[in-house]
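Read off the chains here:
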Amino acid sequence: GASCTGSNQESIKCLVCGPEDRSVVSGDIYDSRFPVDKLFYNNKNDNHGNIWLGIEQKTSTFVLNLGCKLSFNGIQLVNTRNNAHRDRSTKRFRLSVSQSQAGPWQNVLETTLEDSRRQNDPLPLQLFDLQAEVTGQFLKFELLEWYGLSGGLQYFDIKRPNIITSTTTTSNTIKGSVRLSTYPKGRVEIFNGAVWGTLCGHYWWDNQKGAENLCKQLGYLTGTKYAAPGGTGPIVVGNRNCKGGEATVYDCQGPGGIGGCNHDHDQGVDCSNYDTRCTGTQPTHSCCSGSDPCKLGGGDCDGDSGCEGNLVCGRDNCQDFNPAARADYDCCKNP
């Protein structure tokens, strides 16, 4: 893995270790339904499938491996209230950092949160600055006090250096979503469930299937790959070899990870021919129906009956899923 110190140049280098490289070293949990790795994705939905809960009426701790040594100066989190039960919430916690999972640990933050049982949906993303930039590979979160029965979290991560969160990222943005630096030809950016970042070309250049997949996600019929070095920020996916037809790049085969990647390997796609079928890009009429409902991000829909499962039809929201979409078209979204 990469390592970094406090200098700007080295901080950029350490971003070859991205959010997808995080792992859980250990963690206290209420039961197997609420594991620590649920914290890795900000699902904006406080339900049983998306949260970590600590042991009832006891202090609880988890330790995370960031995947490499990173320098950071803050954290971000979303508290929990255990869905409609509204019976628990984290009150006070301590955060420590170390170069080794065995320690020694440096305490970098101890603070108190508001009672999220009294807050409305969606629970807010809270940002906390540290007194100084710290460097480490392992984080220890200690739940010290709680409201109600116990505490937990819906989302937790460091504030990653040199990352600017896009204002177009909404609660509807899902892992594997795609956008380009410019349209219809541009550097590829992928959403990994937490942040947007570039695509590493290892294995990618073996064929055109990956580029075709991405362009279809963006509402085009076809596309070709090209090298687009010089991106900034995190590299979130690489070492994938697509065969064609995969829903997202994360479904493509390969060893995964971003080993051996840097921004010299960033990839772009040149997309062509809008697909007018259920993409929200340039449809001439609604193509979501009760007999053939659209999936999340599909459009243009006329009502909830045209959306799959419990999805609902949004309003002028297709650009939330696809920046190339028409601004006045409606796409299926989470309720």
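As the structure is a prediction and not an experimental result, all values here were calculated from the model. (Residues numbered from 1 in each chain as written. Predicted model: local features only at pLDDT ≥ 70, side-chain atom pairs only at ≥ 80, totals over all residues. Heavy atoms only, no water.)

### Details of the state of the cysteines
Operational definition: Our working definition of a disulfide is a cysteine sulfur pair at a distance within 2.5 Å. Under the scheme used here, helices are H or I runs from DSSP no shorter than 4 residues and strands are E runs no shorter than 2 residues, and both carry numbers assigned from the N terminus.
Following the criterion strictly, the structure yields 5 disulfides and no others. Residue Cys242 pairs covalently with Cys252 via a disulfide, S to S 2.1 Å. With the S-S dihedral at roughly 95°, the linkage between Cys242 and Cys252 falls on the right-handed side. In this pair, Cys242 is assigned in the loop between β12 (235–237) and β13 (267–274) and Cys252 in the loop between β12 and β13, connecting sequence segments 10 residues apart.

### A word on the confidence of the model for the protein
Threshold: Per-residue confidence from the predictor is reported as pLDDT, a score between 0 and 100. Contacts between residues were defined by any pair of non-hydrogen atoms, one from each residue, lying within 4.5 Å.
Per-residue pLDDT for the protein has a mean of 81; in total, 81% of the residues score no lower than 70. Mean pLDDT across the elements of the protein bottoms out in helix α1 (residues 8–13) (30) and peaks in strand β4 (residues 88–98) (97). Contacts of residues 1–16 to residues separated by more than four positions or lying in other chains number 40 contacts, the stretch itself having pLDDT below 50. Scored below 50 in pLDDT, residues 161–172 shows 25 contacts in the model against residues more than four places distant or in partner chains.

### Quick look at the packing of aromatic side chains
Selection criterion: Two rings belonging to Phe, Tyr or Trp (six-membered ring only in the last case) form a pair when the distance between their centres is within 6.5 Å. Interplanar angles under 30 degrees mark stacking, angles over 60 mark edge-to-face geometry, and anything in between is tilted. Exposure classes here rest on a 1.4 Å probe applied to the protein chains alone. A residue is buried below 20% of its type maximum, exposed above 50%, and partly exposed in between. We count a charge as sitting over a ring when the NZ of a lysine or the CZ of an arginine lies within 6 Å of the ring centre and within 35 degrees of the ring normal.
Enumeration over the complete set of coordinates arrives at 9 aromatic pairs. Ring centres of Phe62 and Phe156 lie 5.8 Å apart, and the angle between their planes is 75°; this geometry places the pair in the edge-to-face category. Of this pair, Phe62 sits in strand β3 (residues 60–79) while Phe156 sits in strand β7 (residues 152–158), and the two are 94 residues apart along the sequence. You'll find Phe62 and Phe156 in the same group, each marked buried. Between Phe191 and Trp196 the ring centres are 5.3 Å apart and the planes differ by 50°, which places this aromatic pair in the tilted class. Side by side, Phe191 and Trp196 carry an identical accessibility label, which is buried. Members of the aromatic cluster, each reached through a chain of ring pairs, are Trp52, Phe62, Phe93, Phe128, Phe141 and Phe156. Lying over the aromatic face of Tyr30, Arg88 brings its terminal NZ or CZ to 5.3 Å of the ring centre.

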